[in-house]
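Each chain is listed here by its residues.
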Amino acid sequence: MTIAQVLARDLDLSIALAPQQKSLFLNRLEQGSQKTDFCWLWRGGTVGEDGYGSILGMRVHRVSYAIHYGQIPRGMMVCHHCDVPACWRPEHLFCGTAA
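A few points on the structure.

Quick notes on the nonpolar core
At step 1: If you look at the biggest cluster of nonpolar residues, it comprises 10 residues: Phe-25, Leu-29, Trp-40, Trp-42, Ile-55, Met-58, Val-60, Val-63, Ile-67 and Trp-88.
At step 2: Going through the elements one at a time, α2 (19–31), β2 (40–42) and α3 (60–69) are the ones with two or more residues in this core.
At step 3: Each residue touching Leu-29, except ones within four places of it in the same chain, is listed here: Trp-42, Val-60, Val-63, Ser-64, Ile-67 and Trp-88.
At step 4: By size, the runner-up hydrophobic cluster in this structure holds five residues, among which are Cys-39, Cys-82, Ala-86 and Cys-87.

Looking at the packing of aromatic side chains
At step 1: Taken as a whole and assessed by the stated rule, the structure comprises two aromatic pairs.
At step 2: Taking 5.0 Å as the distance between ring centres and 65° as the angle between the ring planes, the aromatic pair formed by Trp-40 and Trp-88 counts as edge-to-face. Separated by 48 residues along the polypeptide, Trp-40 in strand β2 and Trp-88 in the loop between β5 (77–80) and β6 (93–96) bring together distant segments of the chain. In terms of burial, Trp-40 and Trp-88 fall into one category: buried.
At step 3: Summarising the aromatic geometry, the rings of Tyr-65 and Tyr-69 are spaced 5.0 Å apart at their centres and angled 50° between planes, so their arrangement reads as tilted. With Tyr-65 and Tyr-69 both in helix α3 and four residues apart, the pair spans about one turn of that helix.
At step 4: Owing to a relative accessible area of 14%, Tyr-65 belongs among the buried residues under this scheme.

Notes on the packing of α2 against α3
At step 1: Closest axis-to-axis distance for the α2/α3 pair is 10 Å, and the angle between their directions is 135°. In terms of orientation, α2 and α3 fall into the oblique class. Relative to α3, the crossing made by α2 is left-handed. Every residue of α3 that contacts α2 at Lys-22, Phe-25, Leu-26 and Leu-29 is listed here: Val-60, Val-63, Ser-64, Ala-66, Ile-67 and His-68.
At step 2: Residues of the contact of α2 with α3, tallied by class, amount to seven nonpolar, two polar and one charged.

Regarding α3
At step 1: The buried fraction of α3 amounts to eight of the 10 residues, a majority that puts the element mostly inside the structure.
At step 2: Of the positions making up α3, those classed as buried are Val-60, His-61, Arg-62, Val-63, Ser-64, Tyr-65, Ala-66 and Ile-67.
At step 3: Gly-70 lies just past α3 and shows a positive phi near 105°.

Conventions and cut-offs
Residues numbered from 1 in each chain as written. Predicted model: local features only at pLDDT ≥ 70, side-chain atom pairs only at ≥ 80, totals over all residues. Heavy atoms only, no water. Core = buried A, V, L, I, M, F, W, Y, C linked by side-chain atoms within 4.5 Å. Buried < 20%, exposed > 50% of the residue type's maximum accessible area, 1.4 Å probe, protein only. Helix = DSSP H or I, 4+ residues; strand = E, 2+ residues; numbered from the N terminus. Contact = heavy atoms within 4.5 Å. Phe/Tyr/Trp six-rings, centres within 6.5 Å; stacked < 30°, edge-to-face > 60°. Axes fitted to C-alpha atoms, helices over the stretch in contact; angles between N-to-C directions. Parallel < 35°, antiparallel > 145°, perpendicular 65-115°, else oblique. Left-handed = near helix turned anticlockwise from the far one by under 90°. Nonpolar A, V, L, I, M, F, W, Y, C, P; charged D, E, K, R; others polar.

So, in structure tokens, the structure goes:
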């Protein structure tokens, strides 16, 4: 799969999680991460060649955004203020576009 295909797929995923799913995912994120003073880095298994982690087929930073801020608007990317693809720290994430 090309990077363009991955981005297109991710933009189509409008993740919304039920309360019990949030707790389950947050627990898995906590267990599979290394928290530094700055970033929370996903180390729990799947990390693609592009540096982005995934959990159950979803990118970790997008799952974190959905847990902490709610549903990701369709067609929006979840971007990092820190520019670290493996980071899922909520304060580092925001919705945006590729422009």
